[in-house]
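Here are the chains, one letter per residue:
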Amino acid sequence: MLQFSFKHIINKVRGGIVSPLALNRMGILGMNARNINYIARYNDREKFPIVDDKLNTKRAAKRAGIPVPELIAAFETPASRKRVMEVIDPLWKFVIKPARGSGGKGILVIAGREGEKYKKISGSQIEALDILRHVNNIHSGLYSLGGKPDRVMVEALVDFDPIFQDYSFEGVPDIRVIVFRGYPVMAMLRCSTHSSDGKANLHQGAVGVGIDLATGKSCHAVQRGLRIQHHPDTKMSFGELKVPGWYDLVRLAASCYEMTGLGYLGCDIVLDRERGPLLLEANARPGLAIQVANGVGLRQRLRFIEGLDEEMHEKKVDERVAFSMREFAAEKTL
């Protein structure tokens, strides 16, 4: 399979435009191809509500035996907002998020308290009035898909694995795994930075680290499209990074195929210190930046899975995971 780098792409630019032929040769999957050939073809729209609503995802995951962060409370009507402060009053750490939010928007992470003040994971402080205002914005649909009225979720804050302490700044890192027809095909770790305001969002300045499906080791890292070797804030080298419990994490992602019934999806997973991998959310329209983070295009991998015999599409989860780890190992893509 072909490997590419941001520098390689820049070398193909003519007049500020990257040649479609050059991108095609590098195996890059574009947005139109993703939408038409994979999302529209393999994702039944009737199943979208399972992943477009995080409360639905959490309930489906529990039925499937897939571990998720603890749900403390859900406020489904504007009238229920009156109970928000009552619920969070005894809590030291918690997360407030919209059920139908996207791209990390509307997620408020509280990492501690000092008297009447609530301490955000970035270190800044807010008051109860700020929390109530945030809850009101969520209910009004400020962060939801299509701007429709939304539901508010209060979750326990994940106690993330300390191995990531030097790889993420003021935030909780997560792992995105793309799963196609039940087969994991690509993975990346998203590490928050000061410039991303503690959020694991690549478009806001977080670091994307490509992860070798076979080993869980880092193989490529980028920030804002440029390859880097060290975390911009902690200065930790990404060359030493290896995700612990890698097989269990990839197996969790592959299991989301049966849980959702979606053929093409992205699974966002966090590593809890005690509980191990937990499913944060699933996405029926996962973005394409994972290709830049890995330095490898998705197109060949997806076509490879499409070309498998029908018998291979009836394999159990563990068989699919073993197959992907063997076929998509980083050493085979160089």
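What you see is a predicted model; the values in this text were computed from it and never measured. (Residues numbered from 1 in each chain as written. Predicted model: local features only at pLDDT ≥ 70, side-chain atom pairs only at ≥ 80, totals over all residues. Heavy atoms only, no water.)

Description of the environment of G141
Thinking step 1. Residue placement: G141 occurs in the loop between α7 (128-140) and β8 (152-155).
Thinking step 2. By relative accessible area, G141 is classed as buried at 5%.
Thinking step 3. Taking the C-alpha atoms as reference, G141 lies 34 Å from I28; in sequence the two are 113 residues apart.
Thinking step 4. Setting aside anything within four residues of it in sequence, one finds G141 in contact with G147, K148, P149 and D150. (Helix = DSSP H or I, 4+ residues; strand = E, 2+ residues; numbered from the N terminus. Buried < 20%, exposed > 50% of the residue type's maximum accessible area, 1.4 Å probe, protein only. Contact = heavy atoms within 4.5 Å.)

Some details on the sheet that holds strand β3 (residues 71-75)
Thinking step 1. The six strands are arranged β3-β8-β4-β5-β6-β7 in an open sheet whose pairing can be described as antiparallel. Strands with a single pairing partner mark the edges of an open sheet, and in this sheet they are β3 and β7 (125-126).
Thinking step 2. Sheet topology places strand β5 (residues 108-114) next to strand β6 (residues 117-120); four bridges connect them, and they run antiparallel. Bridge pairing in β6 links E114 to K117.
Thinking step 3. Packing against the sheet, helix α5 (residues 54-64) makes contact with β3, β4 (94-98) and β8, and its axis sits at approximately 50° to β8. (Pairing = 2+ DSSP bridges. Axes fitted to C-alpha atoms, helices over the stretch in contact; angles between N-to-C directions.)

Section: the confidence of the model for the protein
Thinking step 1. A residue-level look at the protein finds 91% of positions with pLDDT of 70 or above and a mean pLDDT of 88.
Thinking step 2. In the predicted structure, residues 1-17 sits below a pLDDT of 50 and forms 36 contacts with residues beyond four places in sequence or in another chain. (pLDDT = per-residue confidence, 0-100.)

Description of α5
Thinking step 1. Of all the positions in α5, only K54, L55, T57, K58, A60 and A61 are classed as buried.
Thinking step 2. Where the residues of α5 are buried, they touch α4 (48-52), β3, β4, β8, α8 (246-260) and β15 (276-283).
Thinking step 3. Trailing α5 by a residue or two, G65 shows a phi angle of about 75°, which is positive.

As for the layout of surface pockets
Thinking step 1. When its volume is computed, the second largest pocket comes out at roughly 300 Å³.
Thinking step 2. K93, I121, V158, D159 and F160 are, among the 14 residues lining the second largest pocket, the residues nearest its centre.
Thinking step 3. Among the residues making up the lining of the second largest pocket, the classes are represented as seven nonpolar, three polar and four charged. (1 Å grid on protein atoms, 1.4 Å probe; cavity = no way out; pocket = protein on both sides within 12 Å on 5 of 7 lines; lining within 4 Å. Points joined across faces, edges and corners; volume = space filled by probe spheres on them. Nonpolar A, V, L, I, M, F, W, Y, C, P; charged D, E, K, R; others polar.)

Quick word on the nonpolar core
Thinking step 1. Counting 67 residues, the largest nonpolar core has V209, F238, W246, Y264, L279 and L298 as the members making the most contacts within it.
Thinking step 2. For this core, the element with the most residues is α8, which contributes eight residues.
Thinking step 3. Residues F75, I96, I131 and V154 belong to the second largest nonpolar core, which totals 18 residues. (Core = buried A, V, L, I, M, F, W, Y, C linked by side-chain atoms within 4.5 Å.)

Digging into the pattern of salt bridges
Thinking step 1. Applying the stated criterion across every chain yields a total of 19 salt bridges.
Thinking step 2. D52 is the salt-bridge partner of R285, the closest N and O atoms lying 2.9 Å from each other. Placement of R285 in the loop between β15 and α9 (290-294) and of D52 in helix α4 is noted, with a sequence separation of 233 residues between them.
Thinking step 3. Exposure remark for R285: the relative accessible area of 32% places this residue in the partly exposed category.
Thinking step 4. Classification of D52 by relative accessible area gives buried; the value is 18%.
Thinking step 5. Taking the shortest distance from any N to any O, the salt bridge between K97 and E155 comes out at 3.2 Å. Residue K97 is located in strand β4, and its partner E155 is located in strand β8; the two are separated by 58 residues in the primary sequence. (Salt bridge = Lys/Arg side-chain N within 4 Å of Asp/Glu carboxyl O.)

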